[in-house]
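# Residue-level structure breakdown
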Amino acid sequence: MLLINCPYCNETLPEAEFTYAGQAHIVRPADPSSQTDEQWEEFLFIRANVKGLHFERWRHQHGCGRFFNAVRDTVSDRFLTTYRAGEPRPDLASLPGVPAGSPVRSEVSK
């Protein structure tokens, strides 16, 4: 069972309390009408499928209902940290359990 910390409620609860909401930090096009069908396809459907550290968006479905971001290691399935939506990405070098020089393979599209 995964335990996830909600940064709003400040409670660590079982994964069943939460809903995965996709890759974090995806930026919507500034002028949607200027996008081609291929660009829309990439924006809507193409996401990083990384082996390693990944920035994700989650929702505390059965609690406060708010969206937040998390850094999760997809190899160990361990959450390194969670942080409120709208906050910048955390400095991974400062997080416990992250080896020095560990690459982040979850790049933002666009």
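Relevant structure appears above.
Residues numbered from 1 in each chain as written. Predicted model: local features only at pLDDT ≥ 70, side-chain atom pairs only at ≥ 80, totals over all residues. Heavy atoms only, no water.

### Examining the packing of aromatic side chains
How two aromatic rings sit relative to each other is given by the distance of their centres and the angle of their planes. Condition: The pairing test for Phe, Tyr and Trp rings, Trp by its six-membered ring, is centres within 6.5 Å, and the orientation test on the planes gives stacked under 30 degrees, edge-to-face over 60, and tilted for anything in between. In this text, helices come from DSSP runs of H or I with a minimum length of four residues, and strands from runs of E with a minimum of two, each type numbered from the N-terminal end. When a residue's accessible area, from a 1.4 Å probe over protein chains only, is under 20% of the maximum for its type it is buried; when over 50% it is exposed; and in between it is partly exposed.
Tallied over the entire structure, the rule returns 4 aromatic pairs. Relative to Trp 58, the ring of Tyr 20 has its centre 5.4 Å away and its plane inclined at 75°; by these criteria the two rings are edge-to-face. Here Trp 58 lies in strand 4 (residues 53-59) and Tyr 20 lies in strand 3 (residues 19-23), a separation of 38 residues in the sequence. Residue Tyr 20 is classed as partly exposed on the basis of its relative accessible area of 42%. Counting every residue linked through ring pairs, the aromatic cluster contains Tyr 20, Trp 58 and Phe 79.

### Comments concerning the sheet that holds strand 3
The strands making up a sheet are joined through hydrogen bonds of the backbone, oriented either antiparallel or parallel. In plain terms, the rule: By this definition, two strands are paired if DSSP reports at least two bridges between them. An axis is simply a line fitted to the C-alpha atoms; with a helix, the fit covers only the stretch in contact. Between two such axes, the angle follows the N-to-C directions and lies from 0 to 180 degrees.
One open sheet holds the 4 strands; their spatial order is 3-4-5-6, and the pairing between them is antiparallel. If you trace the sheet from one side to the other, it starts and ends with strand 3 and strand 6 (78-84), each paired once. For this sheet the average axis-to-axis angle between neighbouring strands, irrespective of direction, equals 35°. Direction of pairing for strand 4 relative to strand 5 (residues 67-73): antiparallel, over a ladder of 7 bridges. Residue pairing in the sheet places Leu 53 in a bridge with Asp 73 of strand 5.

### Overview of the environment of Thr 81
What counts here: Here a residue-residue contact requires only that any non-hydrogen atoms of the pair lie within 4.5 Å.
By the secondary structure assignment, Thr 81 is in strand 6. Along the chain, Thr 81 and Leu 92 lie 11 residues apart, while their C-alpha atoms are 9.3 Å from each other. Excluding anything up to four places from it in sequence, Thr 81 contacts Asn 69, Ala 70, Val 71, Pro 90 and Leu 95.

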